[in-house]
Amino acid sequence: MKSYMKKLMISTAMAAICSVAAVAQTNFRAISYADAIQAAKAEGKMVFVDFYTDWCGPCKMMARDVFPQKKLGDYMNSHFVSIKVNAEKGEGTSLAKRFDIHAYPTFVIVNSEDKEVNRTSGSREAESFISELERMVNPEKSPLAIRERYQAGDRSAQTVKDYAALLKDEAMRDRKNGEAKLNDVARLVREYFDSLSEGQKLSDDNLFIYTEYTQMPDEPAALFMKKNLKHFGEAARQEIEQAIAKTCEYALFSYFTGYKPVDAAAFKLLGNDIKTFKLNADGKYDAVLSFINSYIKDDKDQYVDFCRNHFNELKEEHRTYIMSTYSRLFADAGQDVKLKAARFVRDNLSELPFNAIYAAALEIGRLEGKAK
């Protein structure tokens, strides 16, 4: 389960890296809860309450990387009067008590009569968050309705999109079987993609295949969107370009952190994509690529030396990624090398942000054979 949660962490982080903030971001109004209820009545909307705290990392990620995205902002602003509530300050303390808030972030939807409609918690990608909100407020998008349509044989783009999003959300909440369920969702979308004509694959209705469910550059959907970039509609092209960048980000950091073995052909394809689409024009991947190139020489002892000599060249977030998964890179190494790797992690704990130290400590335990 820990590997599943780390996989989700990296996937979410990659989505955040590739996200593009736009002007039409979510409009969180600087008004009281009571004023939000009144505004909702006047505008024919519901109230969206974002309960957060100053110390909550996922809260900050949502605020920085998810709520500013145009697609989510357009949806939020048309459906809700949105407010942020610090659960530990001001009226937030009484509101948190009233709504029985114990996890952050928690998002509560309230109607204009001040009655709770639904709630959810935790960080999400923008597209997934929109789908979840729709299921919470739109009866036609309820889990039961979506399942009934899909099981009755409806394979329209919208139904497949809704059903895949529903299954993905359920997988992310399943601590025991989540990873297997995510694989099932990927297979469902891949089978749907394979059933489409070339024209259907270019349709805006099917953009979700590329933006939400295509991870690696060598997947059929990824190869298709790269080959046919100029054939997508003008409005969709920017989203496809972002999806291409996202697959490269995901592959790069999957190799960097050891989540995926570095296949020579796939790594060459990744390098070509980075060059073709000018994804490293500013050199932002140089350090990460140098780490991967050192690792694939298949001398784990020398790789630890390389990490020690070049660790400070990595950005802070990249240090966090690798130190939170370091034992994966040495799964087949001898015990002497694992202990050397553990010493490297111990020596660099002070270089990590405080919220990454616990994960790094677990990696030390795994390398030293003291933790599973």
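This section reports on the structure supplied with the text.

Cut-offs used in this document
- Residues numbered from 1 in each chain as written.
- Predicted model: local features only at pLDDT ≥ 70, side-chain atom pairs only at ≥ 80, totals over all residues.
- Heavy atoms only, no water.
- Disulfide = S-S within 2.5 Å.
- Buried < 20%, exposed > 50% of the residue type's maximum accessible area, 1.4 Å probe, protein only.
- Core = buried A, V, L, I, M, F, W, Y, C linked by side-chain atoms within 4.5 Å.
- Helix = DSSP H or I, 4+ residues; strand = E, 2+ residues; numbered from the N terminus.
- Contact = heavy atoms within 4.5 Å.
- Axes fitted to C-alpha atoms, helices over the stretch in contact; angles between N-to-C directions.
- Parallel < 35°, antiparallel > 145°, perpendicular 65-115°, else oblique.
- Left-handed = near helix turned anticlockwise from the far one by under 90°.
- Phe/Tyr/Trp six-rings, centres within 6.5 Å; stacked < 30°, edge-to-face > 60°.
- Lys NZ or Arg CZ within 6 Å of the ring centre and 35° of its normal.
- Salt bridge = Lys/Arg side-chain N within 4 Å of Asp/Glu carboxyl O.

**With respect to the state of the cysteines**
For step 1, the next point in the chain: Overall, the coordinates contain one disulfide when judged by the stated rule.
For step 2, the next point in the chain: Cys-56 shares a disulfide with Cys-59; S-S distance 2.3 Å. Its S-S torsion of approximately 85° makes the covalent link between Cys-56 and Cys-59 right-handed. Here the two residues Cys-56 and Cys-59 agree in accessibility, since each one is buried.

**A short note on the nonpolar core**
For step 1, the next point in the chain: Core analysis: the biggest nonpolar cluster contains 44 residues, and Phe-256, Tyr-303, Ile-322, Tyr-326 and Phe-330 have the highest contact counts within it.
For step 2, the next point in the chain: Contributing elements (two or more residues each) for this core: α13 (234-257), α14 (264-276), α15 (286-295), α16 (300-310), α17 (316-323), α18 (335-347) and α19 (354-367).
For step 3, the next point in the chain: Here this core gets eight residues from one element, more than from any other, and that element is α13.
For step 4, the next point in the chain: Counting residues in each nonpolar core, the second largest holds 31 residues, with Val-160, Ala-164, Leu-196 and Leu-202 among its members.

**With respect to the side chain of His-318**
For step 1, the next point in the chain: In this fold, His-318 is placed in helix α17.
For step 2, the next point in the chain: Excluding its chain neighbours within four sequence positions, the residues that come into contact with His-318 are Phe-253, Phe-256, Lys-284 and Val-288.

**What to know about unusual backbone geometry**
For step 1, the next point in the chain: With an omega dihedral of -5°, the bond running from Tyr-104 to Pro-105 counts as a cis peptide bond.
For step 2, the next point in the chain: Here Pro-105 shows up in the loop between α5 (91-98) and β3 (106-110).
For step 3, the next point in the chain: With a phi close to 65°, Asp-114 is a non-glycine residue in the positive phi region.
For step 4, the next point in the chain: Overall, Asp-114 belongs to the partly exposed group, its relative accessible area being 28%.
For step 5, the next point in the chain: Here Asp-298, not a glycine, exhibits a phi torsion of approximately 65°, which is positive.
For step 6, the next point in the chain: The topology assignment puts Asp-298 in the loop between α15 and α16.

**Topic: the packing of helix α7 (residues 143-151) against helix α8 (residues 157-173)**
For step 1, the next point in the chain: Close contact between α7 and α8 brings their axes to 9 Å; oriented N to C, the two are set at 125°. On the basis of the axis angle, α7 is oblique to α8. When you trace α7 past α8, the crossing you get is left-handed. Along its contact with α7, which presents Pro-143, Ile-146, Arg-147, Arg-149 and Tyr-150, the element α8 presents Thr-159, Val-160, Asp-162, Tyr-163, Leu-166, Leu-167 and Glu-170.

**A few points about the packing of aromatic side chains**
For step 1, the next point in the chain: Counting across every chain of the model gives 32 aromatic pairs.
For step 2, the next point in the chain: When the centroid spacing of 5.9 Å and the interplanar angle of 85° are considered together, the rings of Trp-55 and Tyr-104 count as edge-to-face. On the criterion of sequence distance, the pair formed by Trp-55 in the loop between β1 (46-52) and α3 (57-66) and Tyr-104 in the loop between α5 and β3 is long-range, its members being 49 residues apart.
For step 3, the next point in the chain: By way of ring pairs, the aromatic residues Phe-253, Phe-256, Phe-291, Tyr-295, Tyr-303, Phe-306, Phe-311, Tyr-321, Tyr-326, Phe-330 and Phe-344 are connected into one cluster.
For step 4, the next point in the chain: Lys-84 extends its terminal NZ or CZ atom over the ring of Tyr-52, reaching a point 5.8 Å from the ring centre.

**Things to note about the pattern of salt bridges**
For step 1, the next point in the chain: A full pass over the atoms with the stated rule returns 34 salt bridges.
For step 2, the next point in the chain: Two residues, Asp-74 and Lys-70, come together in a salt bridge whose shortest N-O distance is 2.7 Å. Here Lys-70 and Asp-74 lie together in helix α4 (residues 70-79), a separation of four residues that amounts to about one turn.
For step 3, the next point in the chain: For Asp-74, a relative accessible area of 36% gives the class partly exposed.
For step 4, the next point in the chain: The exposure class of Lys-70 is partly exposed, given its relative accessible area of 44%.

Remember that the coordinates give geometry; whether it matters functionally is a separate question.
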